Amino acid sequence: MRATTQAPGHVPPDAAVATALRRAVELAARGPARDPNPRVGCVLLAPDGTTVGEGYHRGAGTPHAEVVALMEAGPRARGATAVVTLEPCARSGRTGPCAHALAEAGVAAVRYAVADPTPAGGGAHELAAAGVEVRRSPDEGADELVADWLRAARLGRPHVLWKIASTLDGRVAAADGTSRWITSAAARESAHRLRTSVHAVVVGTGTALTDDPALTARAADGTLLPVQPLRVVVGHRDLPDGARLDDDAAPTLHLRTHDPAEVLTELRSRGAQSVLIEGGPRLGGAFWQAGLVDELLVHLAPALLGAGPSAVPDLGIGTVADTARLEITETTRLGPDLQIRLRPLTPTPHQED
């Protein structure tokens, strides 16, 4: 990008920039939550702090937030300050690099909240080289908007959370196969809220055939919540006619594979940034042994069964020295149950290779 002589001007007061950043976060939140690209908002401020342009990204293939704001501002963009939730991109994709567009428009300064760690990043450096004053202005709201996208970008795949609901002795069902309900209504309600926060909920064909789950996100009264995840079934067996996963309450994808990496590659290609593994134990264990579990969420009921299927399958650990260690990052009471969030401390077999 060639250097550009910027128009005279000065950066608006910090209070005006902070207000504009909150507005940029509001704009960004209007973008699609289920999209391969991050949600981004942009506000252009004149030197006196008045807004001359706004924009947000409406989804893959559409103009980026900065470009939308520049189009609205027109010639008023010259000498303005661009306040953006994410560092402007520096690489062409389906649209041109935003760093170049901002510099060409003659903006005097850029304030961005979140750095872009992907190959498309580097816009801050490009802008500074073009004579634009650039500074990062961290914002918690902007961080939350792109949390899933950032994790997926750093991992190169969706973030994977393995959820387990079990008794104190680690059983997910009784000896006769019955499993409703091991955990309390409060824990189940929390699980439904969790489904709204992820892009995909994954189960194996064994769970799909045995439990006939709906895998939808529902309120306590059974009504569907506004945001539904993609329901994913992994395995080769067909689902029977009339299965709840075949209804129109939410989209369903059947992946006929047993390879966890293939599952994540396919889901990533569909824009998924976060994946919840709900069952069964064999599926969760396969993801664990492939080194593809980033967090565990355990709903622990104060109950004993003494027999029945285990929450965790054989992981191939033959001695205490090889125990898979985890760190507890959060504990929460859910009615009579305990919710424990953990992350692996020791490398899984795949990660050691």
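Here the residue index of a chain counts from 1 through its sequence in written order. Totals for whole chains, interfaces and linings use all residues, but because this is a predicted model, local features are given only for residues with pLDDT of at least 70 and pairs of side-chain atoms are given and counted only at 80 or more. To get the side-chain values, all heavy atoms of the structure are used, and hydrogens and water are removed first.

1. Things to note about the overall build of the chain
- Under the scheme used here, helices are H or I runs from DSSP no shorter than 4 residues and strands are E runs no shorter than 2 residues, and both carry numbers assigned from the N terminus. A count of helices and strands for the chain gives 11 helices and 13 strands.
- Dimensions of the chain along its principal axes, counting C-alpha atoms only, are 75 × 45 × 40 Å.
- When a residue's accessible area, from a 1.4 Å probe over protein chains only, is under 20% of the maximum for its type it is buried; when over 50% it is exposed; and in between it is partly exposed. Out of the 353 residues in the chain, the part that is buried amounts to 48%.
- In the chain, the share of contacts with a sequence separation of at least 24, taken over all contacts with a separation of at least 6, comes to 70%.
- Per-residue and other accessible areas were derived by the Shrake-Rupley procedure at a 1.4 Å probe size, with only the shown protein chains allowed to occlude residues. Summed over all atoms, the accessible surface of the chain reaches about 16600 Å², with 52% contributed by carbon and sulfur.
- Positive and negative side-chain charges of the chain, numbering 35 and 41 respectively, have mean locations separated by a distance of 2 Å. Contacts were defined at the residue level, with two residues in contact if any of their heavy atoms lie within 4.5 Å. We score Asp and Glu as negative and Lys and Arg as positive, and we do not count His or the chain ends. The atom standing in for a charge is NZ when the residue is Lys, CZ when it is Arg, CG when it is Asp and CD when it is Glu.

2. A short note on the pairing of strand β11 (residues 295-301)
- In terms of burial, β11 is largely enclosed, as six of its seven residues are buried.
- Here β11 pairs with strand β13 (residues 337-344) via five bridges, running antiparallel. Its bridge partner being in β13, L296 is matched across the sheet by L342. We treat two strands as partners when DSSP finds at least two bridges between them.

3. Considering the environment of T205
- Here T205 lies in helix α8 (residues 205-211).
- Distance in space between the C-alpha atoms of T205 and D238 is 7.9 Å, their sequence separation being 33 residues.
- Excluding anything up to four places from it in sequence, T205 contacts V233, V234, G235, H236, R237 and H254.

4. Quick look at the sheet that holds strand β7 (residues 200-204)
- Taken together, the eight strands give an open sheet; going across it, the order is β9-β8-β7-β10-β6-β11-β13-β12, and neighbouring strands pair in mixed fashion. The open sheet terminates on both sides in strands that have one partner only, identified here as β9 (252-255) and β12 (326-334). Ignoring strand direction, the axes of neighbouring strands in this sheet form an average angle of 25°.
- Judged from the five bridges that link them, β7 and strand β8 (residues 230-234) form a sheet pairing that is parallel. Residue pairing across strands places V201 opposite R231, the latter belonging to β8.
- Angles run from 0 to 180 degrees between N-to-C directions of axes, and those axes are lines fitted to C-alpha atoms, restricted for helices to the stretch in contact. Together, β6 (159-167), β7, β8, β9 and β10 (274-279) form the strand contacts of helix α9 (residues 260-269), whose direction differs from that of β9 by roughly 145°.

5. Details of the sheet that holds strand β1 (residues 41-45)
- The strand order across the open sheet formed by five strands is β2-β1-β3-β4-β5, and the pairing between neighbours is mixed. Of all strands in the sheet, those bounded by a partner on one side alone are β2 (51-56) and β5 (133-136). The sheet shows a mean angle of 15° between the axes of neighbouring strands, direction not considered.
- Two strands pair when backbone bridges link them, and strand β4 (residues 109-114) and β5 are joined in this way by four bridges, in the parallel orientation. For A109, the partnering residue across the bridge sits in β5 and is E133.

6. Observations regarding the environment of A103
- Structurally, the position occupied by A103 is in helix α3 (residues 98-105).
- A relative accessible area of 0% means that A103 is categorised as buried.
- Sequence spacing of A103 and T178 is 75 residues, and the spatial spacing of their C-alpha atoms is 63 Å.

7. Quick look at the pattern of salt bridges
- For salt bridges, the criterion is a side-chain nitrogen of Lys or Arg within 4 Å of an Asp or Glu carboxyl oxygen. Using the criterion set out here, one finds 14 salt bridges in the structure.
- Taking the shortest distance from any N to any O, the salt bridge between R341 and E330 comes out at 4.0 Å. Residue R341 is found in strand β13, and its partner E330 is found in strand β12; the two are separated by 11 residues along the sequence.
- The network of salt bridges with shared partners includes R23, E26 and E54.

Spatial relationships are all this shows, so hold off on functional conclusions.
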